[in-house]
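# Coordinate analysis (summary)
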Amino acid sequence: MPSFAVSVLLAALGGALGAALRLLSTAGAARLFGTVLPYGTLFVNVAGGLAMGVAAGLLLERAGDPAGRLAPFLITGVLGGFTTFSAFSLDVITLVERGRHVAALAYAGGSVLLSILALWAGLSAVRAVLQ
């Protein structure tokens, strides 16, 4: 198991890679499909969710990650930088699999609603100050 500092460094390196992949994916989707809808965001959220399921299944459940280095790099870093929606989705599924269905529903609904409200509040505050 790597030290916490090494795990942070691995997550940071993976995050940089994931963020670059996100930028390339969203730019590519905009070129291919236009910008009428946020197709790039949809793509990274769905692809990230699929990749998170595969990574979690392989690293955390089936094959394991004996060195403890791949999970911080791939799950927290690359996939977290690519889309935090994949981490959110894993949290919801974890709650469901633990039989905490009401908590999963509250977490999912609350996360989406509160995140949208927080964004609106921040955007409104900046616009009010800048006017």
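Above this text sits the structure in question.
Residues numbered from 1 in each chain as written. Predicted model: local features only at pLDDT ≥ 70, side-chain atom pairs only at ≥ 80, totals over all residues. Heavy atoms only, no water.

## Here we look at the packing of helix H1 (residues 4–33) against helix H3 (residues 70–82)
Viewed as axis vectors pointing N to C, H1 and H3 meet at an angle of 35 degrees, and their least axial separation amounts to 6 Å. Note on packing geometry: the crossing formed by H1 with H3 is right-handed. Contacts between H1 and H3 involve Ser7, Leu10, Ala11, Leu13, Gly14, Gly15, Leu17, Gly18, Ala19, Leu21, Arg22 and Ser25 from the first element and Pro72, Phe73, Thr76, Gly77, Val78, Gly81 and Phe82 from the second. Residue composition of the contact of H1 with H3, grouped by class: ten nonpolar, eight polar and one charged. (Axes fitted to C-alpha atoms, helices over the stretch in contact; angles between N-to-C directions. Helix = DSSP H or I, 4+ residues; strand = E, 2+ residues; numbered from the N terminus. Left-handed = near helix turned anticlockwise from the far one by under 90°. Contact = heavy atoms within 4.5 Å. Nonpolar A, V, L, I, M, F, W, Y, C, P; charged D, E, K, R; others polar.)

## With respect to a nonpolar patch on the surface
A surface patch of nonpolar side chains, about 770 Å² in accessible area, is lined by Leu32, Phe33, Val36, Leu37, Tyr39, Leu42 and Val46. Where the nonpolar patch is concerned, the elements lending two or more residues are H1 and helix H2 (39–62). Per-element accounting of the nonpolar patch gives the leading share, three residues, to H2. With respect to the helices and strands, the residue Tyr39 is situated in helix H2. (Patch = residues over 30% accessible without salt bridge, like charges linked within 9 Å, V, L, I, M, F, W, Y side chains within 5 Å. Areas by Shrake-Rupley, 256 points an atom, 1.4 Å probe, with all protein chains shown as cover. Salt bridge = Lys/Arg side-chain N within 4 Å of Asp/Glu carboxyl O.)

## Some points on the side chain of Ser86
Structurally, the position occupied by Ser86 is in helix H4 (residues 84–97). From its side chain, Ser86 meets the backbone oxygen of Thr83 in a polar contact 2.8 Å long. Leave out the neighbours within four places in its chain, and Ser86 touches Gly48, Gly49, Met52 and Leu79. (Polar contact = N/O pair within 3.5 Å; in protein donor to acceptor, adjacent residues only side chain to side chain.)

## Digging into the packing of aromatic side chains
Per the counting criterion, the structure on display carries three aromatic pairs. For the ring pair Phe33 and Tyr39, a centre distance of 5.8 Å and an interplane angle of 55 degrees mean the geometry is tilted. Note on Phe88 and Tyr107: the rings are 5.6 Å apart at their centroids and 35 degrees apart in plane angle, and the pair reads as tilted. Taken together, the residues span a long stretch of sequence, with Phe88 in helix H4 and Tyr107 in helix H5 (residues 101–130) at a distance of 19 residues. Cluster of aromatic residues (ring-pair linked, three or more members): Phe85, Phe88 and Tyr107. (Phe/Tyr/Trp six-rings, centres within 6.5 Å; stacked < 30°, edge-to-face > 60°.)

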